[in-house]
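These are the residues of each chain, in order.
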Amino acid sequence: MSQNNLRSPVGVVARASRWLLVSASLGIALLILVHPLLGALAAVSGCLFVLGLVGQRAVLAPEIISPPAGDAAARSVESPPRVSVVIPALNEAENLRRILPRLPRGLHEVILVDGGSKDGTVEVARQKLPSIRVIRQPGRGKGEAVGLGFTAVTGDAIVMLDADGSADPTEIPRFIDTLCAGADLAKGSRFIDGGGSADITALRRAGNRGLVATVNALFGTRYSDLCYGYNAFWTQCLPYFSLDTPGFEVETLINIQAAKSGLVVYEVPSFERDRLSGASHLRPFRDGFRVLRIIVRESWLNPRMWQGRRSRVPAVPAGPESSRSIGP
Ligand SMILES: Nc1nc2c(ncn2[C@@H]2O[C@H](COP(=O)(O)OP(=O)(O)OP(=O)(O)O)[C@@H](O)[C@H]2O)c(=O)[nH]1
Ligand SMILES: [Mg+2]
């Protein structure tokens, strides 16, 4: 839908319902933050949310647009593709010691973006994988780290892999198979058949559910998961992403911008393990609000959102991947 269409009656309904959704989300967020006594606010917010949802659904329902970049056959990548793995890491020496040997053979490159670790992360990484490329991150934040890693990639496909051991490196071939099956973005999901999590708390699960419902309503997607760090995409899709956010909201941003750009997104079942050792860097409330902020911002920026109606197709069945090799 173009800018002009946004001035039509349909566009007005779309904008109004977006306002409703945004104000409802903010109301609910405020409620959680301040006090449960604000039940009235919750009720109003809930009503607004439902109204907004109905409005968005009504407007988005007829929109089905072909993807501009989804034709895998038209993509000039080598077969099999050269796979680059980008690993953001902050004090993950013990975990890297255990996950790097589990990477599949045949990877084109592994890029570690170190956020100034003090525990010998870089040394351990070099010891376990001498070919690893290390980038020192000048600032802070996972978002900044993966953004830096992406700019250094020389392969055809990029896999984002956390360093804490929660993402199983033997699932990488499943993500690559999904890209080769026609996806632009192979998006890991813990909440479809074959996926799961041993790591997510009830609070985070609820937050993720609310945020994913908001994104689906606003952007016409049918995602089952939103804030999950295990994803893969073709390097050629990088221009569709404008990753200007430093923190944990980076995955949400990628998922939203993929939808807004009409990229083909397939969800891939993935099992999130408990982090092997060390402490989480994520703070649920702070980072939850940052995710919400990005959702709101993206719903106002450049309303290409109307293009994004991609199906959720787990292209490759879940199952234990062997230590099979990928790449040339
Ligand atoms: N380079 C860099 N990496 C970071 C930074 N913050 C987090 N990371 C890495 O990003 C990945 C995800 O961080 P986690 O702390 O595991 O966050 P999470 O997976 O969302 O939360 P948990 O489920 O609690 O583990 C890990 O590999 C971290 O080491 C940072 O500031 N710089
Ligand atoms: Mg983690």
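Scope of this entry: the structure provided in the associated data block. These figures come from a predicted structure and were not determined experimentally. (Residues numbered from 1 in each chain as written. Chains lettered and ligands numbered in written order. Predicted model: local features only at pLDDT ≥ 70, side-chain atom pairs only at ≥ 80, totals over all residues.)

Re the overall build of the protein chain
And then number 1: Each helix and strand counted, the protein chain has nine helices and nine strands in total.
And then number 2: Counting across all 328 residues of the protein chain, residues that qualify as buried make up 48%. (Helix = DSSP H or I, 4+ residues; strand = E, 2+ residues; numbered from the N terminus. Buried ≥ 20, exposed ≤ 12 C-beta atoms within 10 Å, placed from the backbone.)

A short note on the site of ligand 1
And then number 1: The environment of ligand 1 is made up of 23 residues, and the closest members are G115, A145, A163, S280 and H281.
And then number 2: When contributions to the shell around ligand 1 are tallied by element, the ones reaching two or more residues are strand 1 (83–89), strand 2 (109–114) and helix 5 (142–151).
And then number 3: Along the lines of polarity and charge, the residues of the shell around ligand 1 split into eight nonpolar, seven polar and eight charged. (Near = placed C-beta within 6 Å. Nonpolar A, V, L, I, M, F, W, Y, C, P; charged D, E, K, R; others polar.)

Looking at the sheet that holds strand 2
And then number 1: Read across the open sheet, the seven strands follow the order 3-2-1-4-7-5-8; overall the sheet is mixed. The open sheet has two free edges, formed respectively by strand 3 (133–136) and strand 8 (265–269), since each of these has just one partner strand. Across the sheet, the mean angle separating the axes of adjacent strands is 20° when strand polarity is ignored.
And then number 2: Pairing geometry for strand 4 (residues 157–160) and strand 7 (residues 231–234), over four bridges, is antiparallel. (Pairing = 2+ DSSP bridges. Axes fitted to C-alpha atoms, helices over the stretch in contact; angles between N-to-C directions.)

As for the packing of helix 7 (residues 202–219) against helix 9 (residues 284–300)
A packed helix pair is summarised by two numbers, namely the angle formed by the two axes and the spacing between the axes.
And then number 1: Put simply, helix 7 and helix 9 touch, their axes get as near as 11 Å, and they point 0° apart. In this view, helix 7 runs roughly parallel relative to helix 9, as classed from their interaxial angle. Residues L203, R204, G207, L211, T214, V215 and L218 of helix 7 touch helix 9, and the partners they reach there are P284, G288, V291, L292, I295 and S299.
And then number 2: Here the contact of helix 7 with helix 9 is composed, by residue class, of eight nonpolar, four polar and one charged. (Parallel < 35°, antiparallel > 145°, perpendicular 65-115°, else oblique. Contact = placed C-beta atoms within 7 Å.)

Focus: the packing of helix 8 (residues 250–260) against helix 9
And then number 1: Closest axis-to-axis distance for the helix 8/helix 9 pair is 9 Å, and the angle between their directions is 20°. Classed by the angle they form, the pair helix 8 and helix 9 counts as roughly parallel. Crossing of helix 8 over helix 9 shows right-handed handedness. Here helix 8 contributes T252, L253 and I256 to the contact with helix 9, which in turn contributes V291, I294, I295 and E298.
And then number 2: Among the residues making up the contact of helix 8 with helix 9, the classes are represented as five nonpolar, one polar and one charged. (Left-handed = near helix turned anticlockwise from the far one by under 90°.)

What about the environment of S280?
And then number 1: Here S280 is to be found in the loop between strand 9 (271–272) and helix 9.
And then number 2: Under the C-beta neighbour-count criterion, S280 is labelled exposed, with 11 such atoms within 10 Å.
And then number 3: As a C-alpha pair, S280 and L90 span 190 residues in sequence and 10.0 Å in three-dimensional space.

Concerning unusual backbone geometry
And then number 1: With a phi close to 55°, N91 is a non-glycine residue in the positive phi region.
And then number 2: Note on placement: N91 falls in the loop between strand 1 and helix 3 (93–99).
And then number 3: What makes N91 partly exposed here is the crowd of 19 C-beta atoms within 10 Å.

Concerning helix 4 (residues 121–128)
And then number 1: What helix 4 keeps buried is the set T121, V124 and A125. Projected onto a plane normal to the axis of helix 4, the buried residues spread over an arc of 100° and lie on a single side.
And then number 2: Contacts made by the buried residues of helix 4 are with strand 1, helix 3, strand 2 and strand 3. (Arc of directions from axis to C-beta.)

Observations concerning the pairing of strand 8
A regular strand carries its side chains on alternate faces of the sheet.
And then number 1: For strand 8, a buried count of five out of five residues is recorded, marking the element as mostly surrounded by other parts of the structure.
And then number 2: In strand 8, alternate side chains face the same way, and those of V265, E267 and P269 on one face and Y266 and V268 on the other are all buried.
And then number 3: Here strand 5 (residues 185–189) pairs with strand 8 via five bridges, running parallel. Note that in strand 8 the partner of A186 across the bridge is Y266.

Quick notes on the pairing of strand 3
And then number 1: Of the pairings in the sheet, the one linking strand 2 to strand 3 comprises four bridges and is parallel in character. If you follow I111 over to strand 3, its bridge partner there is R133.
And then number 2: With helix 4 bridging strand 2 and the parallel strand 3, this β-α-β connection has right-handed handedness. (Right-handed = clockwise from strand over helix to strand, strands pointing away.)

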